[in-house]
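Observations on the three-dimensional arrangement
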Amino acid sequence: MESITNFLKKLWKQQTVLCVAGIAALLSAVPVSFSVAAFASVDLRVLGLLFCLMSVVAGLRAAGVFEFLCRALAQKTADSRALALTLVLLCFFSSMLVTNDVSLLTFVPFAILTLELSGQQKHLPLVVTMQTIAANLGSMLTPVGNPQNLYLYSNYAMTPGSFFPVTLPLTLAGLALVILGCFAVPKQPISFSLPEQKSPDRIRLIRYGMLFLLCLATVFHLIPWQLVLAVVGAAMILWDRKLLRRVDYGLLVTFVFFFLFVGNLGQMETVRSLLSQLLTGRELAGSILLSQVISNVPAAVLLSGFTENGAALLAGTNIGGLGTLVASLASLISYRLYCGVETAKPGRYLLLFTVANLLCLIPMALLGSLLV
């Protein structure tokens, strides 16, 4: 009994959103007598694509391509501001293809290393904060940049013509804000040397690069997702079976629970009607505010069941990734990585993080209201 209790406590601590989603799915099933109809709301295409993308990105990381690129660029910087800008923009642009969380997992540890070696540790809270903001803003550009984009693109049957007119202006505005934020780092000469790093694994790079192109083709409805799922699954088993452990299965299960929760609510006519009325015309503001509490991925899944305005949800949940520490679960990754530094000051970081996020959230929300 004690071991079960300890397991549940550990699960709650490590997968809080998953646990909340599971409880919500269970409680919402009671009024509809645990109807199997809710399972029809589970989007297998989104789950399959998420699995494929996470597997392929794990392969690209294992190939060492991201670290190699980062080291090559960082070695060429001559001053502290240029170094900060390089570290931040790497997160911004890489997140468009490999998701915001993978971008932060890759480049925040490297930022910690380079700032220590160059004697610029005092700028670490600001740089990590701007890296986090950059990853959340850059990832909004593409359907594969973050999970909520992939879900909304599929759920609302979006096309490039309906998706990019929303995300491109927001991304460009986000780029301007990120660059502006980096100017807070003073321009000082620096000199440092990084440890030797071997070149990327070319075979892995080619293999997973090809699989990534297949995933992109599937996102844009050029190839059936079932086929790509079979190809990626078979390739991972044959090439790098151990990398399957790096897939975030907790995120996949969380999606299933939220799909069931929305499906259960959809069967309650009174609840569905009420939520639809409350959300209509307020999709942008509603998704931004809800993201501050439950994060933007669950907010996208939850609200999508009660509105046809996918463009507003797309803008709102991406903008809503700014703000609180939990607004985007990727932000928790960089926070934990920063707290692992011996000289870390979590209180100072949280204050700086919140202020910087609010300064970016306000203009982004105003721009979003003009777009949708």
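Before any of the text, the structure's been laid out above.
Note that the structure is predicted; figures quoted are calculated from it, not measured. (Residues numbered from 1 in each chain as written. Predicted model: local features only at pLDDT ≥ 70, side-chain atom pairs only at ≥ 80, totals over all residues. Heavy atoms only, no water.)

1. Remarks on the packing of aromatic side chains
For the structure on display, the rule yields 11 aromatic pairs. Arranged with centres 5.1 Å apart and planes meeting at 85°, the rings of Phe92 and Phe93 form a pair that is edge-to-face. Geometrically, the ring pair formed by Tyr151 and Phe255 is tilted, given 6.3 Å between the ring centres and 55° between the ring planes. Note that Tyr151 is positioned in helix H8 (residues 147-155) and Phe255 in helix H12 (residues 249-266), a separation of 104 residues in sequence. Side by side, Tyr151 and Phe255 carry an identical accessibility label, which is buried. Members of the aromatic cluster, joined through ring pairs, are Tyr153, Phe163, Phe164 and Phe220. (Phe/Tyr/Trp six-rings, centres within 6.5 Å; stacked < 30°, edge-to-face > 60°. Helix = DSSP H or I, 4+ residues; strand = E, 2+ residues; numbered from the N terminus. Buried < 20%, exposed > 50% of the residue type's maximum accessible area, 1.4 Å probe, protein only.)

2. Digging into the pattern of salt bridges
Applying the stated criterion across every chain yields a total of 1 salt bridge. We note a salt bridge from Arg204 to Asp240, for which the minimum N-O separation is 2.8 Å. With Arg204 in helix H10 (residues 202-219) and Asp240 in the loop between helix H11 (225-239) and H12, the pair connects residues that are 36 residues apart, well separated along the chain. (Salt bridge = Lys/Arg side-chain N within 4 Å of Asp/Glu carboxyl O.)

3. Looking at the packing of helix H5 (residues 80-98) against helix H9 (residues 160-182)
Helix packing geometry: the angle between the two helix axes and the distance between the axes. Contact geometry of H5 with H9 gives a least axis separation of 9 Å together with a crossing angle of 160°. As far as their axial angle goes, H9 and H5 are roughly antiparallel. Between H5 and H9 lies a crossing of right-handed hand. For the pair formed by H5 and H9, the contact residues are Arg81, Ala84, Leu85, Val88, Leu89, Phe92, Phe93 and Met96 on the first element and Thr171, Gly174, Leu175, Val178, Ile179 and Cys182 on the second. A per-class count over the contact of H5 with H9 returns 11 nonpolar, 2 polar and 1 charged. (Axes fitted to C-alpha atoms, helices over the stretch in contact; angles between N-to-C directions. Parallel < 35°, antiparallel > 145°, perpendicular 65-115°, else oblique. Left-handed = near helix turned anticlockwise from the far one by under 90°. Contact = heavy atoms within 4.5 Å. Nonpolar A, V, L, I, M, F, W, Y, C, P; charged D, E, K, R; others polar.)

4. As for the packing of helix H4 (residues 65-74) against H5
In contact at an axis separation of 10 Å, H4 and H5 are set at 155° when each is read in the N-to-C sense. Judged by the angle between their axes, H4 and H5 are roughly antiparallel. Viewed along their axes, H4 and H5 form a crossing whose handedness is right-handed. Here Phe66, Leu69, Cys70, Leu73 and Ala74 of H4 come into contact with H5, specifically with Leu83, Thr86, Leu87, Leu90 and Val98.

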